[in-house]
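Topology and contacts: notes
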Amino acid sequence: NLQIRDVYVPDPCVVDINASLEGVLQAMSERHLDAVIVTRKDRLAGVLTGMDVCRYFAGYLRENFPRPGGSDIA
């Protein structure tokens, strides 16, 4: 008989869509959060998760640091 009140987050982290990624990641780290609520003009725009950030960072690494050819990588 689990209810919403048993699992909700009473003080969620809410950020504006124009907030700096660095600042949001710092807040997530300090508060040990897996996700933040993203708003645009005080309306829900989406949810940013740690997985979203990992996916973005993986793409950044792929783009900016391509793997060398050959079998040099262990």
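Numbers given to residues run from 1 along each chain, matching the order in which its sequence is written. Local features are withheld for residues below a pLDDT of 70 in this predicted model, meaning they are given only at 70 or higher, and side-chain atom pairs are given and counted only at 80 or more; totals for whole chains, interfaces and linings count all residues. Based on all heavy atoms of the structure, the side-chain values leave hydrogens and waters out of the count.

Right, let's talk about the overall build of the protein for a bit. Looking only at helices and strands, the protein features three helices and three strands. Scanning the protein from its N terminus toward the C terminus, one meets helices and strands in the order α-β-α-β-β-α. A radius of gyration in this sense is built from C-alpha atoms; the matching globule rule multiplies 2.2 Å by the number of residues raised to 0.38. Taking 11 Å as the expected radius of gyration for a compact globule of 74 residues, we find that the protein reaches 17 Å, considerably beyond that expectation. With respect to the principal axes defined by its C-alpha atoms, the protein has extents near 55 × 35 × 20 Å. In this scheme, a residue with accessible area under 20% of its type's maximum is buried, one over 50% is exposed, and one in between is partly exposed, where area comes from a 1.4 Å probe on protein chains only. Residues counted as buried form 12% of the 74 residues belonging to the protein. Every residue pair with non-hydrogen atoms within 4.5 Å of one another is taken to be in contact. Pairs at least 24 residues apart make up 20% of the contacts formed inside the protein by residues separated by at least 6 positions. The accessible surface values rely on the Shrake-Rupley method and a 1.4 Å probe; as for residues, cover is taken only from the protein chains in view. Surface accessibility of the protein: about 6,600 Å² in total, with carbon and sulfur atoms responsible for 54%. Helical segments are the DSSP runs of H or I of at least four residues, strand segments are the runs of E of at least two, and each set is numbered from the N terminus.

Quick look at the pattern of salt bridges now. The rule for a salt bridge is simple: a side-chain nitrogen of Lys or Arg has to be within 4 Å of a carboxyl oxygen of Asp or Glu. Tallied over the full model, the rule gives two salt bridges. Notably, a salt bridge pairs Asp11 with Arg31, separated by 3.7 Å at the nearest N-O pair. One end of the pair, Asp11, is in the loop between α1 (4-7) and β1 (14-16); the other, Arg31, is in helix α2 (residues 21-31), with 20 residues separating them in the sequence. Taking relative accessible area as the criterion, Asp11 reaches 52% and is therefore assigned exposed. In this structure, the salt-bridge partner of Arg55 is Asp52, at a minimum N-O distance of 3.2 Å. With Arg55 and Asp52 both in helix α3 (residues 50-64) and three residues apart, the pair spans about one turn of that helix. Residue Arg55 is classed as exposed on the basis of its relative accessible area of 53%.

This paragraph deals with the sheet that holds β1. Paired strands, as defined in this entry, are two strands with at least two bridges between them according to DSSP. The mixed open sheet is built from three strands, whose spatial order is β1-β2-β3. Unpaired on one side and paired on the other, β1 and β3 (43-49) mark the two borders of the sheet. Taken pair by pair, the neighbouring strands of this sheet meet at an average axis angle of 35°, ignoring direction. Where strand β2 (residues 35-40) and β3 come together, six bridges link them in antiparallel fashion. Simply put, an axis is a line fit to the C-alpha atoms, just over the touching stretch for a helix, and the angle between two N-to-C directions goes from 0 to 180 degrees.

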